[in-house]
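Reading the structure
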Amino acid sequence: MKLRRFYFAAAASFIVVAGSFSVTAQVATDVATAPVYVPDMTHAGEPLPDGVIAWDETIKATDAAFDQDFAKFTFSFTNVATNVIAILTVHPSCGCTTADIPPTPWIIPAGSNGQIKVSVNLAGKAGTLFKSLTVTTDHGRKDLMLRINMQSAPPPKAMTEDEKAKGIAAAKIDRQAVFKGECATCHINKIQGKYGQQLYDAVCGICHEAEHRASMVPNLHTLNLPTNEEFWRTWITYGKPGSLMPAFAQSQEGPLNDLQIASLASFLHAMIPPNVTNAPAAK
Ligand code: HEC
Ligand code: HEC
């Protein structure tokens, strides 16, 4: 780290000539011994050969809690070659991943080391995620891999028979009761910033995927109906008056915003493909 900082202090300016990809480093005249480094771009597009950069790991894995917002990784490396190396770009595989590096070209003198800090935004994600970063240097490119195992949401605490009867009775009087008071602690727990599958597991699955659910709660996987995103959006937005199916849209005094509802409709449409053979025959 110290060495690199010294080097940056010594280098007065870097001139990057876009298009031709040539990079020139000019060195202040009073530091006559500082190296002038001009990256040779001939091999930048090729795989980085062994013996140039030593990585602590090139594949990193981590577990993340179901409600974790970010997964963070640090890749450490050493320039084990005898010459200077320039890191030109670090490209994550998706917009949800960011890499924290100094301004480029990032000059790594022989024998010195550095760190690439990576952050993956987990909003709306579930299951096992694979991400990668492509590090391009003037000596070649290297892919660094990330694996994140997101734990699924813990199953909601089951209701006792008493609570169940109370819940159903309360919902019969007001189907929006699930969003209020003590009911909300289980039925709409930690839904802020959640989308898609995570949101489904939290707010829909609690009733529709429950093993011991009441008989009036239908199995959404075996509906005898043609479905599409609009079907899901309408049910989620308005529910069904006179039943236990609440209205989730904020416009109906529910807890979900339009983006969350859209993410659920799109997730459900993907998870439960419209079963046309189940559709009632056209008359
Ligand atoms: C409090 C329990 C509860 C929650 C939470 C709940 N539902 Fe329901 N849902 C029901 C009940 C009960 C019905 C049956 C309504 C009726 O009597 O027709 C139903 C019906 C439905 C239907 C209609 C199925 C059919 O047979 O036509 C859809 C679609 C649906 N729910 C989707 C959802 C989605 C998506 C969510 C999450 C945003 C959700 N539900 C959350 C209880 C719930
Ligand atoms: C301790 C967590 C918890 C609390 C608190 C809670 N529920 Fe539930 N609720 C559940 C679970 C879990 C289910 C799924 C059925 C089951 O496993 O008992 C459920 C299901 C339901 C259903 C669908 C019918 C059924 O039994 O399958 C309704 C309606 C309902 N709850 C309403 C309410 C209302 C209204 C309140 C507040 C008075 C409430 N719940 C409080 C966890 C909870």
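In this text the structure is predicted, and so the values were computed from the model without any measurement.

Turning to helix H5 (residues 229-238), a few remarks are in order. Residue pairs spaced three or four apart in an α-helix point in one direction, given the helix's 3.6 residues per turn. Inspection of H5 places Phe231, Trp232, Ile236 and Thr237 among the buried residues, and these make up the whole buried set. Two or three places before Glu230, at the start of H5, stands the capping residue Asn228, its side-chain oxygen 3.1 Å from that residue's backbone nitrogen.

We now examine the site of ligand 1. Taken together, 23 residues lie around ligand 1, and Cys204, Cys207, His208, Lys240 and Met245 are the ones closest in. The contact in question runs from a nitrogen atom of ligand 1 to an N or O atom on the side chain of His208, over 2.8 Å. Between ligand 1 and Lys240 there is a distance of 2.9 Å, counted from an oxygen atom to a side-chain nitrogen or oxygen. Partitioned by chemical class, the residues of the shell around ligand 1 number 20 nonpolar, two polar and one charged.

Residues in a regular strand point their side chains to alternate faces of the sheet. Two strands pair when backbone bridges link them, and strand S5 (residues 70-79) and strand S9 (residues 113-121) are joined in this way by nine bridges, in the antiparallel orientation. The residue of S9 that forms the bridge with Phe73 is Val118. In the sheet, strand S7 (residues 97-100) pairs with S9 via four bridges, with the strands oriented antiparallel. Counted as the bridge partner of Asp100 is Lys117 from S9.

Summarising the model, the chain shows a mean pLDDT of 84, and 84% of its residues fall at 70 or more. Confidence over residues 278-283 falls short of pLDDT 50; this stretch has six contacts with residues more than four positions distant or in other chains.

So, about a negative patch on the surface. Taken together, the side chains of Glu161, Asp162, Glu163 and Glu182 present a region of like negative charge at the surface. When residues of the negative patch are assigned to their parent elements, the largest contribution, three residues, is made by helix H2 (residues 161-173). In this fold, Glu163 is placed in helix H2.

Before going further, it helps to examine the coordination of the iron atom of ligand 1. Working reference: metal with six octahedral donors, ideal angles 90 or 180 degrees; metal with four tetrahedral donors, ideal angle 109.5 degrees. For the iron atom of ligand 1, the protein coordination sphere consists of His208 (NE2) and Met245 (SD), at 2.0 to 2.1 Å. Considering all six donor atoms around the iron atom of ligand 1, the spread of angles at the metal, 87 to 178°, places the coordination shape in the octahedral class. Of this pair, His208 sits in helix H4 (residues 196-208) while Met245 sits in the loop between H5 and helix H6 (258-271), and the two are 37 residues apart along the sequence. Classification of His208 as buried rests on a relative accessible area of 12%.

Below, the discussion takes up H4. An ideal rise of 1.5 Å per residue puts 18 Å on 13 residues; H4 reaches only 15 Å between its terminal C-alpha atoms. Where H4 bends most, the angle comes to about 40°, and this point is Ala202. Elements in contact with the buried residues of H4: strand S11 (140-150), helix H3 (181-187) and H6.

Rules used throughout
- Residues numbered from 1 in each chain as written.
- Chains lettered and ligands numbered in written order.
- Predicted model: local features only at pLDDT ≥ 70, side-chain atom pairs only at ≥ 80, totals over all residues.
- Heavy atoms only, no water.
- Buried < 20%, exposed > 50% of the residue type's maximum accessible area, 1.4 Å probe, protein only.
- Helix = DSSP H or I, 4+ residues; strand = E, 2+ residues; numbered from the N terminus.
- Polar contact = N/O pair within 3.5 Å; in protein donor to acceptor, adjacent residues only side chain to side chain.
- Near = heavy atom within 4 Å.
- Nonpolar A, V, L, I, M, F, W, Y, C, P; charged D, E, K, R; others polar.
- Pairing = 2+ DSSP bridges.
- pLDDT = per-residue confidence, 0-100.
- Contact = heavy atoms within 4.5 Å.
- Patch = residues over 30% accessible without salt bridge, like charges linked within 9 Å, V, L, I, M, F, W, Y side chains within 5 Å.
- Areas by Shrake-Rupley, 256 points an atom, 1.4 Å probe, with all protein chains shown as cover.
- Salt bridge = Lys/Arg side-chain N within 4 Å of Asp/Glu carboxyl O.
- Lys, Arg positive; Asp, Glu negative; His and termini not counted.
- Charge placed at Lys NZ, Arg CZ, Asp CG, Glu CD.
- Donors = N, O, S within 2.8 Å, 3.2 Å for Na, K, Ca; no water.
- Tetrahedral: all angles 85-135°; square planar, octahedral: opposite > 155°, others 65-115°.
- Expected span 1.5 Å × (residues − 1).
- Bend = angle between axes of the 7 residues up to and from the residue.

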